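Residue strings, one per chain:
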Amino acid sequence: MSDDLFIDSLGDNPSSLPLHAHKRIEKYAGERVVVPCRRLDVEQFSRMRLCELDAIEDPRPERYLYWGGEEFDRLYTNYNQVVWKVRWRDHDLAIVHIEWKISMPSLTTRIDHSF
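Fair warning: this is a prediction, and the values are worked out from it, not measured in the lab.

**Q** Explain the layout of surface pockets to me, please; I cannot follow it from the model alone.
**A** Any space left empty among the atoms is revealed by the rolling of a water-sized probe across them. Put simply, the largest pocket is a space of about 270 Å³. For the lining of the largest pocket, the secondary-structure elements that each account for two or more residues are helix 2 (17-29), strand 4 (75-88) and strand 5 (91-101). Here the lining of the largest pocket gets four residues from one element, more than from any other, and that element is helix 2. Classifying every residue of the lining of the largest pocket by side-chain character gives nine nonpolar, two polar and three charged.

In structure tokens form, the structure reads like this:
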């Protein structure tokens, strides 16, 4: 069977977005290992000081700022698409974070790949 069986079967259906993203990330990663994950919260790991985290600027991340409210009076950054440079337990990782909305405004799909 073809490696593209599911991509070919789903065509332009929104369900195929993770498959297309994974294929492009594998192409970009070259010989490095690619591991798809769901809900990998590296930002939380960083806040807990379990890893060092930096957003890579190429490709330029899609991000927006939001206010933390009266109790947390500051601006926070949230990323929809970003490549993270992660230092974890003496290992250097790149984590591709991609998230998008499909059909209903409240439904968000989030895919993370590390390599």
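**Q** Would you take a moment to explain the pattern of salt bridges for this structure?
**A** One side chain can pair with another of opposite charge once the charged atoms of both are near each other. Under the counting rule described, the total for this entry stands at three salt bridges. The closest approach of N and O atoms between arginine 63 and glutamate 57, which form a salt bridge, is 3.3 Å. Between arginine 87 and aspartate 90 there is a salt bridge, and its shortest N-O distance comes to 3.9 Å. Owing to a relative accessible area of 67%, aspartate 90 belongs among the exposed residues under this scheme.

**Q** Would you explain the confidence of the model for the protein chain in this entry?
**A** Low pLDDT means the predicted coordinates in that region are not meant to be read closely. Per-residue pLDDT for the protein chain has a mean of 81; in total, 75% of the residues score no lower than 70. Mean pLDDT per element in the protein chain: strand 6 (residues 108-114) is the minimum at 56, and strand 2 (residues 52-56) is the maximum at 93.

**Q** Please clarify how unusual backbone geometry should be interpreted in this entry.
**A** Omega for the bond connecting aspartate 58 with proline 59 falls within 30 degrees of zero, at 10 degrees, which places this linkage in the cis form. Among the structural elements, proline 59 can be located in the loop between strand 2 and strand 3 (62-67). Even without glycine at this site, arginine 49 takes up a positive phi of about 60 degrees. Considering the arrangement of structural elements, one finds arginine 49 in the loop between helix 3 (42-47) and strand 2. Classification of arginine 49 as exposed rests on a relative accessible area of 74%. The residue arginine 89 is not glycine, and still its phi comes out positive at about 45 degrees. Examined against the element boundaries, arginine 89 turns out to sit in the loop between strand 4 and strand 5. By relative accessible area, arginine 89 is classed as exposed at 64%.

Cut-offs applied
Residues numbered from 1 in each chain as written. Predicted model: local features only at pLDDT ≥ 70, side-chain atom pairs only at ≥ 80, totals over all residues. Heavy atoms only, no water. 1 Å grid on protein atoms, 1.4 Å probe; cavity = no way out; pocket = protein on both sides within 12 Å on 5 of 7 lines; lining within 4 Å. Points joined across faces, edges and corners; volume = space filled by probe spheres on them. Helix = DSSP H or I, 4+ residues; strand = E, 2+ residues; numbered from the N terminus. Nonpolar A, V, L, I, M, F, W, Y, C, P; charged D, E, K, R; others polar. Salt bridge = Lys/Arg side-chain N within 4 Å of Asp/Glu carboxyl O. Buried < 20%, exposed > 50% of the residue type's maximum accessible area, 1.4 Å probe, protein only. pLDDT = per-residue confidence, 0-100.

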